[in-house]
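Below, each chain spelled out in residue letters.
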Amino acid sequence: MGNNAEAARFSGIAVARTKFWLFVSCGAVSGLAGVFWTLRYASARADNGQGLELAVVAAVLLGGVSIFGGRGTLAGVCAGVLLLVTLRNALQLADVPADTLDIVTGSLLILSVLAPRALAALRRTPTTRT
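Residues numbered from 1 in each chain as written. Predicted model: local features only at pLDDT ≥ 70, side-chain atom pairs only at ≥ 80, totals over all residues. Heavy atoms only, no water.

A. Structural view of the overall build of the protein chain. Scanning the protein chain from N- to C-terminus turns up 5 helices and 0 strands. Beginning at the N terminus, the succession of helices and strands in the protein chain can be written as α-α-α-α-α. Relative to the 2.2 N^0.38 estimate, which gives 14 Å for 130 residues, the radius of gyration of the protein chain is 20 Å and therefore markedly larger than a compact globule would have. Dimensions of the protein chain, computed from the C-alpha atoms along their principal axes, are close to 55 × 50 × 20 Å. (Helix = DSSP H or I, 4+ residues; strand = E, 2+ residues; numbered from the N terminus. Rg over C-alpha atoms; globule rule 2.2 N^0.38 Å.)

What follows is the structure in structure tokens.
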């Protein structure tokens, strides 16, 4: 549907029905994730996921989703999650302190936001030939 529901409606997309099924599928996947979390950790407390926000945002942005919207793929997000999880597990196996893991995750977050902007700026810079 994009960012303009009216343009999508003019294109023949049933906006209300599409939004409804997007919310239903989002709720179903969220519920399924909650069930898996509860089975994995044998705990259903409301604050189980507290502190994972940095890792989630870093993984999504590392996967190529633009912080400004309009860009990103599911395959890219899965690749970002796998990269971040692999890196964190390797550092944990090397007995790296938890604070250092957060610093590495934050650095990757900053890098994943700044790198695409810097590359786009470099591409726009005209090359001069002498």
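B. Region of the structure containing the state of the cysteines. Within the structure shown, the criterion is met by 0 disulfides. We note that Cys 26 lacks a disulfide partner, and the nearest cysteine sulfur, in Cys 78, lies 15 Å from it. (Disulfide = S-S within 2.5 Å.)

C. Fine view of helix H5 (residues 98–124). Compared with the 39 Å implied by 1.5 Å per residue over 27 residues, the 40 Å span of H5 between its first and last C-alpha is a close match. At Leu 114, H5 is deflected by roughly 25°, the largest bend along its length, and proline Pro 116 occurs up to four residues later in sequence. Within H5, burial applies to Leu 101, Thr 105, Gly 106, Leu 108, Leu 109 and Ser 112. Considering only its buried residues, H5 is in contact with helix H3 (53–62) and helix H4 (74–93). (Expected span 1.5 Å × (residues − 1). Bend = angle between axes of the 7 residues up to and from the residue. Buried < 20%, exposed > 50% of the residue type's maximum accessible area, 1.4 Å probe, protein only. Contact = heavy atoms within 4.5 Å.)

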